[in-house]
Amino acid sequence: MTKYQVPKDFLWGSASAAYQIEGAHLEDGKGVSNWDEFVKIPGKTFEGSTGETAVDHYHRYKEDIKLMADMGLKTYRFSIAWTRIFPAGRGEVNEKGLEFYQNIIDECLKYNIEPMVTLYHWDIPQALVEEYGGWENPKVIDDYVDYSTFLFEQFKGKVKYWITMNEQNIFTSLGWLTAMHPPGKFDDQKTFYQVNHHAFLAHAKTVIAFKKIIPDGQIGASFAYSPSYALDCNPDNAMSKVDFDNLKNFWWMDVYAYGRYPKNAMTYLEKQGVAPSVTKEDESLFKKAASLIDFMGVNYYQTTVCEYNDLDGVTPYAKMNTTGVKGTNEQTGIPGVYKTANNPYLTTTDWDWTIDPEGLRYACKEITSRYNLPIVISENGLGAFDTLESDGSIHDLYRISFLEEHVKEVIKAIDEGCDVIAYCTWSFTDLLSWLNGYQKRYGFVYVDRDEKGGSLKRYKKDSYYWYEKVIETNGASL
Ligand code: BG6
């Protein structure tokens, strides 16, 4: 039994994203997204898996939300597919798409589950990509703000918690540096930073608009935060850690929370000739939005160890383990700045992600001391192979142990003064892992499907009952 107290109104939650669960990719007037197109390119996803059917949440949302209610879930974080609302990115509203999310929200509210809406989880309308290059063009800012404000108007009074961007650092890095996400550009540093600048402006203008429409609501962005450790006390390695933080973490979190880019990182990028152009007006929008955000959203999976990297050292374009064959992840880094190293104190998952529960408390404490903001843990979970037994049970004890250790660290972080208001596991049901197919499972609920398909029947895993108990006792069962 944990000796620490969890606040009474703590939001025990779980999360998902539209493309990864909904399916029905062209149903009821939905437009085509960048991901609908990207998955068609041979070799981009594991065994060519797509979200065309996903786990069919579009047709089974009532069953899924009932499972959440039976578990006692307090909040459900899900994303809205822009293409269901505005199939062409702007202009005419698709009433059927709107109705779908109205139903999801009403279903949650019926069971006293607090809906937490992500406005953008990586699926931009393809029409905007074809018309003007999507995130590469500043025109996207107004389209994004119009889409978001439309949703605020629709759901004000029903949805209190909103997330503007899911992992802006990831979708832009994989989209414009490693070519693993749409639009599949490789090593385009200049565009990468400019795209991020547009996304920051879209975020900032949206936050400002939000406060006018839902003044008592709460809004923030969800950042994929990988806290870092220096390999050792060699000053070169310690410096690499600082540079890694500025370039890979604070570059995003400082804009959300302070409304400015970290100066050392900006100087470095200027020297490289890849810094974004920032106007005075941009700076004041950033500042205004930073003064208005209500929390820092954190998606936490793992920590990074930093070591100095020679000028002719490893590049960011390393091979990533997308198969679940342990030991196939390659070392990555920025020449002259940092490279990653293994952490001998930690174990790893089958996809080579380090398992570091304490790193989550470290993340919370860094955010608290640096930004002094409430924290929403918007994702945390274990991707693993699961086995469905013949009696319909799934004994995912490894997931229970992973989550239990992480939750304990969240509770300790609260005890040490961090204002953590929500903890969402990734994910509620099994779903499509963008690059890793259906075999990398994250859910409390097993979905019977593989890369080719399946019955889509739902089964409760052992972890489902474990989380039910955690919620029921508000953490005291741990
Ligand atoms: C986060 C994303 O990066 O991590 C999710 O927000 C994603 O959409 C999750 O599924 C786990 O990553 P992966 O690559 O294992 O699916």
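Bear in mind the structure is a predicted one, so any value in this text is a computation, not a measurement.

What counts as what
Residues numbered from 1 in each chain as written. Predicted model: local features only at pLDDT ≥ 70, side-chain atom pairs only at ≥ 80, totals over all residues. Helix = DSSP H or I, 4+ residues; strand = E, 2+ residues; numbered from the N terminus. Buried ≥ 20, exposed ≤ 12 C-beta atoms within 10 Å, placed from the backbone. Contact = placed C-beta atoms within 7 Å. UniProt positions renumbered as here; feature names shortened; annotations may be inferred. Arc of directions from axis to C-beta. Pairing = 2+ DSSP bridges. Axes fitted to C-alpha atoms, helices over the stretch in contact; angles between N-to-C directions. Parallel < 35°, antiparallel > 145°, perpendicular 65-115°, else oblique. Left-handed = near helix turned anticlockwise from the far one by under 90°. Nonpolar A, V, L, I, M, F, W, Y, C, P; charged D, E, K, R; others polar. Core = buried A, V, L, I, M, F, W, Y, C linked by C-beta atoms within 7 Å. Expected span 1.5 Å × (residues − 1). pLDDT = per-residue confidence, 0-100.

What follows deals with the overall build of the protein. Each helix and strand counted, the protein has 15 helices and 16 strands in total. For the protein, the C-alpha atoms occupy an extent of roughly 60 × 50 × 45 Å along the three principal directions. Counting over 478 residues, the protein shows a buried share of 50%. Taking the intrachain contacts of the protein between residues at least 6 apart in sequence as the baseline, contacts between residues at least 24 apart amount to 77%.

Quick look at unusual backbone geometry now. Backbone torsion omega between Pro182 and Pro183 reads 5°, so that peptide bond is classified as cis. Along the chain, Pro183 falls in the loop between helix H8 (168-176) and helix H9 (189-213). Note that the residue after Trp426, namely Ser427, is joined by a cis bond; omega there is 15°. Within the secondary structure, Ser427 sits in the loop between strand E14 (420-426) and strand E15 (445-447). Of note in this structure, Ala54 is not a glycine but carries a positive phi near 50°. Following the sequence through the fold, Ala54 ends up in the loop between helix H2 (34-38) and helix H3 (57-71).

Attention now moves to the UniProt feature "active site" (unreviewed entry) in the protein. As annotated in UniProt, the feature "active site" (unreviewed entry) corresponds to Glu379 in the numbering used here. By the secondary structure assignment, Glu379 is in strand E13 (residues 375-379). Accessibility expressed as a C-beta count within 10 Å gives 26 for Glu379, which makes it buried. Discounting residues that sit within four places of it in the chain, Glu379 has contacts with Ala15, Asn299, Cys424 and Trp426.

Turning our attention to helix H15 (residues 462-472). Taken as a whole, H15 has its buried residues at Ser463, Tyr464, Trp466, Tyr467 and Val470. The buried residues of H15 all sit within an arc of 165° when viewed along its axis, so they share a single face. Those residues of H15 that are buried are in contact with strand E1 (11-15), H3, helix H14 (397-415), E15 and strand E16 (458-460). Taken from the residues just after H15, Asn474 is the one with a positive phi, measuring 50°.

Strand order in the open sheet made by the four strands is E6-E8-E10-E9, with mixed pairing throughout. Bordering the open sheet on either side are strand E6 (228-230) and strand E9 (333-334), each of which pairs with just one other strand. Examined bridge by bridge, strand E8 (residues 304-307) and strand E10 (residues 338-341) share three bridges and lie antiparallel to one another. When the sheet's bridge partners are listed, Cys306 is paired in E10 with Thr340. In the packing of helix H10 (residues 235-258) onto the sheet, the strands contacted are E6, E8 and E10, and the crossing angle to E6 comes to about 160°.

Between H9 and helix H12 (residues 280-292), the least distance of the axes is 9 Å, while the angle of their chain directions is 50°. Viewed along their axes, H9 and H12 adopt a mutual orientation that is oblique. Seen along the crossing, H9 lies across H12 with a hand that is left-handed. Between H9, through Phe200, Leu201, His203, Ala204, Lys205, Val207, Ile208 and Lys211, and H12, the contact on the second element is made entirely by Asp282, Leu285, Phe286, Lys288, Ala289 and Leu292. Of the residues contributing to the contact of H9 with H12, the split by class is nine nonpolar, one polar and four charged.

So, on to the nonpolar core. Counting residues in hydrophobic clusters, the biggest one holds 125 residues, and the most contacted among them are Met296, Val298, Ile375, Ile377, Val410 and Val420. Residue contacts for Val420: discarding those within four places in its chain leaves Cys364, Ile375, Ile377, Val410, Ala413 and Ile414.

A word on helix H7 (residues 139-155). Residues that lie three or four places apart on an α-helix share one face, since the helix turns once every 3.6 residues. In this model H7 runs 25 Å from its N-terminal to its C-terminal C-alpha over 17 residues, within 8% of the 24 Å that 1.5 Å per residue would give. When H7 is considered as a whole, its buried residues turn out to be Val140, Ile141, Asp143, Tyr144, Val145, Tyr147, Ser148, Leu151, Phe152 and Phe155. Check the buried side of H7 and you find it contacts helix H4 (82-85), helix H5 (95-110), strand E3 (114-120), helix H6 (126-132) and H9.

Take the pairing of strand E2 (residues 75-79) next. A regular strand places its side chains on the two faces of the sheet in alternate fashion. Within E2, five of the five residues are buried, leaving the element largely enclosed by the surrounding structure. Burial along E2 is two-sided: the residues Thr75, Arg77 and Ser79 and Tyr76 and Phe78 are all buried. When E1 meets E2, the two strands line up parallel, connected through three bridges. Opposite Ala15, over in E2, you have Arg77 as the bridge partner. The pairing of E2 with E3 spans five bridges and is classified as parallel. In the sheet register, Ser79 faces E3, and the bridge partner there is Thr118.

Taken in spatial order, the eight strands of this closed barrel run E1-E2-E3-E4-E5-E7-E13-E14, and their pairing is parallel. Averaged over all pairs of adjacent strands, the angle between their axes in this sheet comes to 25°, without regard to strand direction. Looking at chain direction, strand E5 (residues 218-224) and strand E7 (residues 296-299) are connected through three bridges and run parallel. Along E7, the bridge assignment pairs Phe223 with Val298. Together, E7, E13 and E14 form the strand contacts of helix H13 (residues 357-371), whose direction differs from that of E7 by roughly 155°.

Attention shifts here to the confidence of the model for the protein. Summarising the model, the protein shows a mean pLDDT of 97, and 100% of its residues fall at 70 or more. Reported confidences for the modelled complex are a pTM of 0.97 and an ipTM of 0.98.

Attention now moves to the environment of Asn329. Its place among the elements puts Asn329 in the loop between E8 and E9. Residues Asn329 and Asp352, spaced 23 residues apart in sequence, show a C-alpha to C-alpha distance of 6.3 Å. When neighbours within four sequence positions are excluded, Asn329 is seen to be in contact with Met320, Asn321 and Asp352.

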